[in-house]
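If you want the building blocks of each chain, they are given just below.
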Amino acid sequence: MDNVVHQGTRGQGTGDGRQGNGGRRQGFDTVAIHAGQEPDPTTGAVVPPIYQVSTYKQDGIGGLRGGYEYSRSANPTRTALEVCLAETEVGARGLAFASGLAAEDALLRAVCRPGDHVVIPNDAYGGTYRLFAKVAEPWGVVFDPVALGDVDALRAAMRPETKIVWVETPTNPLLGIADIAALAEVAHDSGALLVVDNTFASPYLQRPLDLGADVVVHSTTKYIGGHSDVVGGALIASDAELGERLAYHQNAMGAVAGPFDAWLTLRGIKTLGVRMDRHCANAEKIVEMLVRHPSVRGVLYPGLPDHPGHDVAAKQMRAFGGMVSFRMESEEAAVRVCEATELFTLGESLGGVESLIEHPGRMTHASAAGSPLEVPADLVRLSVGIEDADDLLHDLDRALS
Ligand SMILES: *Cc1c(COP(=O)(O)O)cnc(C)c1O
């Protein structure tokens, strides 16, 4: 797996990929560690400094050094992150935002006008659902939640006004899988954009732009940042013209990533590959234990051969990820497990080095109650961290008993 070559890398603005000596394409970890991060030209600092600055001296009016004018428009630490994000996702342009939802909002307002229609997954991230239902819809952008594991269901939901097909795969918290390449074809047949929220997989496990998607969305708060110490978001566009349009909105609307947040995120991305390998390996061991446990009614994990999306996941992902959900006999039993673990910390969010446990119905997805996106009350969600697997297994087994 470590030898999977970074296919078709396109650097920001270069269009032909990050290449090392002799024109070889570089592997994922090399790109994550080096893209956008040349040693500082003045001091040789091997890590991009935190440019904690709002404005830049001009050499005569309009004489900008490196294009820097004002830090909402561009900041060197943020540029380093944006180039790295573009190259790890194999896109033409990367943009870093103050949060995942700020990135989603910028995309939505750059692409949609009143009267337009959007398709979202019928088990979308709760905050994404809320953005469409409570913010976009009152402005006249309508949406339909659709079961995107079924390509025909998308075909039936498409309208002439559909501008975006919004895909999450795997989904949160039900770990449903959607076939990115097949959905891209349906979206493109109607002239809509295919947008993939790649937060759960990360670019290490899945590269939607290679599969035909037009834009990738990230909450970099999760696996990319990876250490539960920074909130951020990103958009990566496959095409430079769309990237430019998104960059215009990023600057015009202003929800940019600050320099320190950009620096922390960049520090996280360097170890994404090695962290994801451990997240996946630990998750697989936990799944093996859960499927055999008498108090567990069912385990949701795309790595299980009986998962309805297993074949598609195996085709489009390098491994099956670090998120695991399972169902207990009752809501009370689910709540009890969440409150009984010690090493798995009870908390929202995901993707950090430390393991987390939560009850989606009462926590992350409480805002979806009563909507088509309501989640089962007996569901427990794990974000499996990179601690020693034996300690995690012991902790869960104790909490289940
Ligand atoms: C957390 C999350 C978001 C929102 O990102 P924030 O950084 O919290 O704004 C979007 N999509 C998914 C799948 C998420 O898990």
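The structure displayed is predicted, hence computed values, not measured ones.

Here we look at empty space enclosed by the protein
Logical step 1: Under the defined criterion, the tally for this structure stands at one cavity of 30 Å³ or more.
Logical step 2: Counted as a void, the largest cavity has a volume near 30 Å³.
Logical step 3: Forming the walls of the largest cavity are Leu 81, Ala 96, Phe 97, Thr 220, Val 231, Gly 232, Gly 233, Ala 257, Asp 261, Ala 262 and Thr 265.
Logical step 4: Looking at the lining of the largest cavity, its residues break down into six nonpolar, four polar and one charged.

Examining the pairing of strand 4 (residues 162-168)
Logical step 1: In terms of residue burial, strand 4 counts as a mostly covered element, since six of its seven residues are buried.
Logical step 2: Note that strand 2 (residues 117-121) and strand 4 share three bridges and pair parallel. Across the sheet, residue Val 118 finds its bridge partner in strand 4, namely Ile 164.
Logical step 3: Pairing geometry for strand 4 and strand 5 (residues 193-197), over five bridges, is parallel. Counterpart to Val 165 in the pairing with strand 5 is Leu 194.
Logical step 4: As a crossover connection, the stretch from strand 4 through helix 6 (residues 180-189) into strand 5 is right-handed.

Overview of the site of the ligand
Logical step 1: Near the ligand there are 13 residues, and of these Leu 101, Asp 197, Ser 219, Thr 221 and Lys 222 occur at the shortest range.
Logical step 2: At 2.8 Å from an oxygen atom of the ligand is found a side-chain nitrogen or oxygen belonging to Ser 219.
Logical step 3: The side chain of Thr 221 places a nitrogen or oxygen atom 2.8 Å from an oxygen atom of the ligand.
Logical step 4: With the chains in place, 91% of the 380 Å² that the ligand exposes on its own is no longer accessible.
Logical step 5: Top contributing element to the shell around the ligand by residue count: helix 3 (residues 100-111), with three residues.
Logical step 6: Its residues placed into classes, the shell around the ligand shows three nonpolar, seven polar and three charged.

A look at the domain arrangement of the protein
It is common to give the size of an interface as the accessible area lost on bringing the parts into contact.
Logical step 1: Taken as a whole, the protein is organised into domain 1 (21-269) and domain 2 (275-400).
Logical step 2: Relative to domain 2, the C-alpha centre of domain 1 lies at a distance of 26 Å.
Logical step 3: On the side of domain 2, 38 residues touch domain 1, which itself brings 37 residues to the contact.
Logical step 4: If you sort the residues of domain 1 by the area they bury against domain 2, Tyr 204, Leu 205 and Tyr 223 come out on top, with a joint share of 25%.
Logical step 5: At the boundary of domain 1 with domain 2, the tally comes to one salt bridge.
Logical step 6: When the shortest N-O distance is used, the salt bridge between Asp 179 and Lys 315 registers 3.1 Å.
Logical step 7: Per element, the largest residue contribution to the side of domain 1 that touches domain 2 is three residues, and it comes from helix 7 (residues 202-205).

Observations concerning the UniProt feature "modified residue: N6-(pyridoxal phosphate)lysine" (unreviewed entry) in the protein
Logical step 1: As recorded in UniProt, the sites labelled "modified residue: N6-(pyridoxal phosphate)lysine" (unreviewed entry) are Lys 222.
Logical step 2: Inspection of the secondary structure assignment puts Lys 222 in the loop between strand 6 (215-219) and strand 7 (233-237).
Logical step 3: Its relative accessible area of 10% is what places Lys 222 among the buried residues.
Logical step 4: Look past the residues within four positions of Lys 222 in its chain and what remains in contact with it is Thr 199, Ser 349, Leu 350 and Gly 351.

Let's talk about the packing of helix 3 against helix 4 (residues 126-136)
Logical step 1: Closest axis-to-axis distance for the helix 3/helix 4 pair is 11 Å, and the angle between their directions is 45°. As the angle between them shows, helix 3 and helix 4 are arranged oblique. Two packed elements cross with a definite hand, and for helix 3 against helix 4 that hand is right-handed. Each of Leu 101, Glu 104, Asp 105 and Leu 108 in helix 3 lies in contact with helix 4, whose residues at this interface are Gly 127, Thr 128, Arg 130, Leu 131, Phe 132 and Ala 136.
Logical step 2: Class assignment for the residues of the contact of helix 3 with helix 4 results in five nonpolar, two polar and three charged.

Reading the values: rules and limits
- Residues numbered from 1 in each chain as written.
- Predicted model: local features only at pLDDT ≥ 70, side-chain atom pairs only at ≥ 80, totals over all residues.
- Heavy atoms only, no water.
- 1 Å grid on protein atoms, 1.4 Å probe; cavity = no way out; pocket = protein on both sides within 12 Å on 5 of 7 lines; lining within 4 Å.
- Points joined across faces, edges and corners; volume = space filled by probe spheres on them.
- Nonpolar A, V, L, I, M, F, W, Y, C, P; charged D, E, K, R; others polar.
- Buried < 20%, exposed > 50% of the residue type's maximum accessible area, 1.4 Å probe, protein only.
- Helix = DSSP H or I, 4+ residues; strand = E, 2+ residues; numbered from the N terminus.
- Pairing = 2+ DSSP bridges.
- Right-handed = clockwise from strand over helix to strand, strands pointing away.
- Near = heavy atom within 4 Å.
- Polar contact = N/O pair within 3.5 Å; in protein donor to acceptor, adjacent residues only side chain to side chain.
- Areas by Shrake-Rupley, 256 points an atom, 1.4 Å probe, with all protein chains shown as cover.
- Domains from an automatic or database assignment.
- Contact = heavy atoms within 4.5 Å.
- Buried area = accessible area lost by both parts, 1.4 Å probe.
- Salt bridge = Lys/Arg side-chain N within 4 Å of Asp/Glu carboxyl O.
- UniProt positions renumbered as here; feature names shortened; annotations may be inferred.
- Axes fitted to C-alpha atoms, helices over the stretch in contact; angles between N-to-C directions.
- Parallel < 35°, antiparallel > 145°, perpendicular 65-115°, else oblique.
- Left-handed = near helix turned anticlockwise from the far one by under 90°.

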